[in-house]
Amino acid sequence: MKFILLTGLLFTALFYSCEEGALYKSKAFRVTADGVSQGDFEAKAISSTQLISGYRSSYKVPTKREIVFKFSINGEDNERYPGEDHHAILSPSGGKAVSAVYQFGEPDPAETGIMDEKGSLNLEDDMDYTFRVDMRKVLADLESRGYYITKTGQKIEKNGFQGVFIAGSTLPLSWDFPTLAKKQQFRLQDPDGDGVYQVTIHFRKFQEAAQDSGGLRTWKLTQDLSKLPRYHSRQPLVDALYNKSLEEMLLDIRDDGAFMAGAKWPGVWTRDISYSILLSLAAIQPEAAKRSLIAKVKNNRIIQDTGTGGSWPVSTDRMTWALAAWEVYTVTGDTAWLRSAYQIIKNSAEDDLQTAFNRETGLFHGESSFLDWREQTYPRWMDPKDIFVSQNLGTNAVHYQTYRILARMAEILGEDGAAFRETAETVKNAINRSLCMPEKGYYGQYLYGRNYLSLSPRSETLGEALCILFNIADSARRQQIFRNMPVTAFGPTCIFPQIPNIPPYHNDAIWPFVVSYWTWAAARTGNPRAVELGLASIYRAATLFLTNKENMVASTGDYMGTEINSDRQLWSVAGNLATIYRVFLGMNFQPDKLVFTPFIPAAYKGTKTLQNFVYRKATLNITINGTGNIIRDVSLDGKTLKEAALPGDISGDHELVITMAGNRPSGPDIHMVKNAFAPETPQVKLTEGQLAWDKIEDAVSYRIFKNGKMLGETQDFVYPVPEDGSLAEYQVAAVDAGGWQSFLSEPVVTAPPENVLTVRAKGKLPVKMTTKQNRKVGFSVTVPRTGDYSIDFHYANGNGPINTNNRCAIRTFFLDDARIAAVVFPQRGNNEWEDWGFSNAVQVRLTKGRHHFSLRFAPTDNNMNGVVNEAWLDYMRIRLLK
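Residues numbered from 1 in each chain as written. Predicted model: local features only at pLDDT ≥ 70, side-chain atom pairs only at ≥ 80, totals over all residues. Heavy atoms only, no water.

Student: What is the right way to read the sheet that holds strand S34 (residues 593-596) from this model?
Tutor: Strand pairing in a sheet relies on backbone hydrogen bonds, with the paired strands running either antiparallel or parallel. Taken in spatial order, the three strands line up as S33-S34-S39 in an open sheet, and their pairing is antiparallel. This sheet does not close on itself; its edge strands, each paired only once, are strand S33 (587-590) and strand S39 (645-647). In this sheet, adjacent strand axes meet at a mean angle of 15° when their direction is disregarded. (Pairing = 2+ DSSP bridges. Helix = DSSP H or I, 4+ residues; strand = E, 2+ residues; numbered from the N terminus. Axes fitted to C-alpha atoms, helices over the stretch in contact; angles between N-to-C directions.)

Student: Is there a simple way to explain the environment of tyrosine 378 in this structure?
Tutor: By secondary structure assignment, the location of tyrosine 378 is in the loop between helix H8 (374-377) and helix H9 (384-389). Judged by its relative accessible area of 1%, tyrosine 378 falls in the buried class. A sequence separation of 450 residues divides tyrosine 378 from arginine 828, and the C-alpha atoms of the two residues are 17 Å apart. What tyrosine 378 contacts, discounting residues up to four positions off in sequence, is Gly366, Glu367, Ser368, Leu371, Ile387, Ser390, Tyr446, Ile499 and Phe743. A distance of 3.0 Å separates a polar side-chain atom of tyrosine 378 from the backbone nitrogen of serine 368. (Buried < 20%, exposed > 50% of the residue type's maximum accessible area, 1.4 Å probe, protein only. Contact = heavy atoms within 4.5 Å. Polar contact = N/O pair within 3.5 Å; in protein donor to acceptor, adjacent residues only side chain to side chain.)

Student: Could you clarify how one ought to interpret the pairing of strand S45 (residues 709-714) in this entry?
Tutor: Consecutive side chains of a regular strand alternate in pointing toward one face of the sheet and then the other. Strand direction decides the pairing type here: strand S44 (residues 699-706) and S45, joined by five bridges, are antiparallel. Along S45, the bridge assignment pairs phenylalanine 705 with methionine 710. Between the antiparallel neighbours S44 and S45 lie two residues, among them asparagine 707 with a positive phi of about 55°.

Student: Would you take a moment to explain the packing of aromatic side chains for this structure?
Tutor: The relative placement of two aromatic rings is captured by the distance of their centres and the angle of their planes. Counted under the stated rule, the structure contains 50 aromatic pairs. Their ring planes at 85° and their centres at 5.4 Å tell us that tyrosine 446 and tyrosine 448 sit as a pair that is edge-to-face. Each member of the pair, tyrosine 446 as well as tyrosine 448, is classed as buried. When the ring centre of tyrosine 147 is taken as reference, the NZ or CZ atom of lysine 155 above it lies at 4.4 Å. (Phe/Tyr/Trp six-rings, centres within 6.5 Å; stacked < 30°, edge-to-face > 60°. Lys NZ or Arg CZ within 6 Å of the ring centre and 35° of its normal.)

Student: How should helix H2 (residues 136-144) be read in this particular structure?
Tutor: Structurally, the α-helix is built with 3.6 residues per turn, so residues lying three or four positions apart point the same way. Restricting attention to buried positions, one finds in H2 the residues Val138, Asp141 and Leu142. Taken around the axis of H2, the buried residues stretch over an arc of 100°, which confines them to a single face. Every exposed residue of H2 that faces more than 90 degrees away from the buried side is listed here: Lys137, Glu143 and Ser144. Elements that come into contact with the buried residues of H2 comprise strand S7 (66-73), strand S11 (147-149) and strand S12 (155-157). Once H2 ends, the next one or two residues include glycine 146, with phi positive near 90°. (Arc of directions from axis to C-beta.)

Student: How do you make sense of the nonpolar core when you look at a structure like this?
Tutor: Across soluble globular proteins, you tend to see nonpolar side chains buried next to one another. Counting residues in hydrophobic clusters, the biggest one holds 222 residues, and the most contacted among them are Phe131, Tyr517, Phe584 and Phe613. For this core, the element with the highest residue contribution is helix H15 (residues 528-545), accounting for eleven residues. Beyond its immediate stretch of four places on either side in the chain, phenylalanine 131 contacts Ile67, Phe69, Phe71, Ala88, Ser99, Ile166, Leu188, Tyr197, Gln198, Val199, Ile201 and Phe203. (Core = buried A, V, L, I, M, F, W, Y, C linked by side-chain atoms within 4.5 Å.)

Student: Help me understand the packing of helix H3 (residues 236-251) against helix H16 (residues 570-584), please; the structure alone is not making it clear to me.
Tutor: Any two packed helices are characterised by how steeply their axes cross, that is the angle between the axes, and by the distance between the axes. With their axes 8 Å apart at the nearest point, H3 and H16 run at an angle of 130° to one another. It follows from the interaxial angle that H3 and H16 lie oblique. Relative to H16, the crossing made by H3 is left-handed. Facing H3, whose interface residues are Val238, Leu241, Tyr242, Ser245, Leu246, Glu248 and Met249, H16 presents Val573, Asn576, Leu577, Ile580, Tyr581 and Phe584. (Parallel < 35°, antiparallel > 145°, perpendicular 65-115°, else oblique. Left-handed = near helix turned anticlockwise from the far one by under 90°.)

Student: Can you help me understand the pattern of salt bridges in this one?
Tutor: A side chain of one charge can pair with a side chain of the opposite charge if their charged atoms are brought near each other. Under the defined criterion, the tally for this structure stands at 37 salt bridges. Among the salt bridges present, the one from glutamate 143 reaches lysine 158, with a minimum N-O distance of 3.3 Å. Placement of the pair is glutamate 143 in helix H2 and lysine 158 in the loop between S12 and strand S13 (164-168), with a sequence separation of 15 residues. Residue glutamate 143 is classed as exposed on the basis of its relative accessible area of 57%. Assessed through its relative accessible area of 43%, lysine 158 is described here as partly exposed. Across the pair arginine 632 and aspartate 633 runs a salt bridge, and its minimum N-O distance is 3.5 Å. Overall, the relative accessible area of 58% leaves arginine 632 in the exposed class. Each of Asp383, Lys385, Asp386, Arg450, Glu746, Arg828 and Asp835 takes part in salt bridges that share partners, so that together they form one network. (Salt bridge = Lys/Arg side-chain N within 4 Å of Asp/Glu carboxyl O.)

Structural data, given as structure tokens:
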């Protein structure tokens, strides 16, 4: 066997010295009891505290000419908000060049220019590019005031100013802010003292992984793990990865005791901590979990910290907080925590019911949970209001579980939880009614559209797993999901099929934390093939990369090539630990007890022990003997138990021994496929009474949809549109030979002019709505005929970029003094006040005659910013549906 940068014979001897057969084997890679091999690369557990790896990324792609970057004071991400980046266009011929002068904290200067579409997109030779930034305003404030306030609100004291740095997405630049100040090559200098700082960066023709010259890379344990649970098995690799994950967990605890998101992400993020706490971190770090969760509370409500179009309610997966808070309670039994968390979750859930719940469908609006990079999982034509309108599988699974949790909390606290249970059942029934695809055997990702919604047939791994873990899917459907959902060689991808012409990140990628939830769900379902692949996927990546990376490219399994990646990513760390706690030990924390349902694949034979595990007032030493998922017998301190469960009031030191029956679970096979990309989305126009579009590469036919329902199919590039006198929305999807369908095209609307009314606010043009100004904006109109109508609003919101910040404007829509629904006015671009668009549409039944409409600022309309909640309103549009 050939080895890259290794002394091969020595390494081969080490690798095979104690191998006891494969834990998992495929054409793509192999996992054994003490190592991993993939092609020319091998990695090995030398002991439970040391790993070595010969893996080297083979990533090599041309360097893009467009450079995305930011400046930084003191190496922190403080110039502007996330997503508000600078851009530079390099010359295709390479050589040397100097940038325009950027103003710190301000948008790009006009001289930056734009990419010439006719020119090369890539560098044709290496280049030295000098970046320049004007810091005179910063320096003047430091001198005159003694401090400078950044655009992100950070206060930089004069005596705390340590320098200016640059970060970016093109190597050698990186977004690794925590280590930025330690790297002199990224420090800008002011050679002539004029306040304009500069640095020259060498960009190579190709982007490729840095290669260490020392051959093997090594991890050795450096942290003290003596206070944490100790795991031991006959699989040295698993033992080492467990210890490495504990170490990385400790490194991810900030000075304030809360969890950071990962090596590159020092912030505390709601969904990151929540999914991590639920996976495993509540069980071993409940106090850090509490601190992390409390850090994401404001006004006694959960913070939605990221998301498209200004955060909540375009994104609504902040309710993952509830899952984590409940897990902390079941682990600790802390009733004071329960009372506090209950009120926070209740307040947030009640706001969501008013603002994000669709009473017609029974589902919550909002972006896919954690898949919050718009073009990575949505068609390009969808703007933030369209994402608000969408109703996603994973996000609704989270909402369903939230209301179940609220019902349990209420009952424990002596309150009536019936209303919460009713809402949960409504959401569960709606998921199974509207998001299930019986013909495919799994759920679709989301409903999307404008006035009429269609189901996107892509699978969404996290959502599928959550539907299993939360019992949204019944027993038969759980088996069908694992039998039918496409899975690739390196593990289940975030979505499937992939989106063409979008780089890997959420698209065309595998995330270990998602695989962890999928593996946990597989163990619950009793599917050995899925469990074996899930464990192997997680262990392969962590071993070869010597860290718990955030993600990897689906087609190559490589950590290089995704848009952003990080070492010791918190939820990847938690997912690795969950393979022990959730799968092998099958831990299930409940309010009054700890239940064990182990799942031990046949290949993972041998005794497993977990010592020094603290559960409430008890310290447990746990032993699992044998394999299978059926328990033969269980004993506590030598006395036989009727079930593998410990009461919540247990205290003291105890020995728990579980012996498995050695059965081989007979779950269905899994649907292994080659990674695949759906066709590109058609761009459709209405011309002379027919829809028209260009040929899509690899498409063999085109499906035509009217008002969210399939109307017909053609191999042509035109389709006649009948006139029926009412508003209709037409869309086209391309289908390839494998049956994979593209996104539906942007809706083309037909509406007779006489059935469309535009109404301006009384005496005002346009209207600026803020929390203090024009809190109520009224409209009056005479409706010519009784019917169903669509009402939306033409608006502008330039309070932030589309992809981040928290200034989505929200108002409540009233018809004749009756509350109807929430209307959202998401951000459309930073300072883009001339960029007008439409809000989400509200469907109402109107009778013929005079009606009064109003937009009002209600208490439930407070956004995540809490101060800036504004938009300019141009007019109201009323369109007859039928």
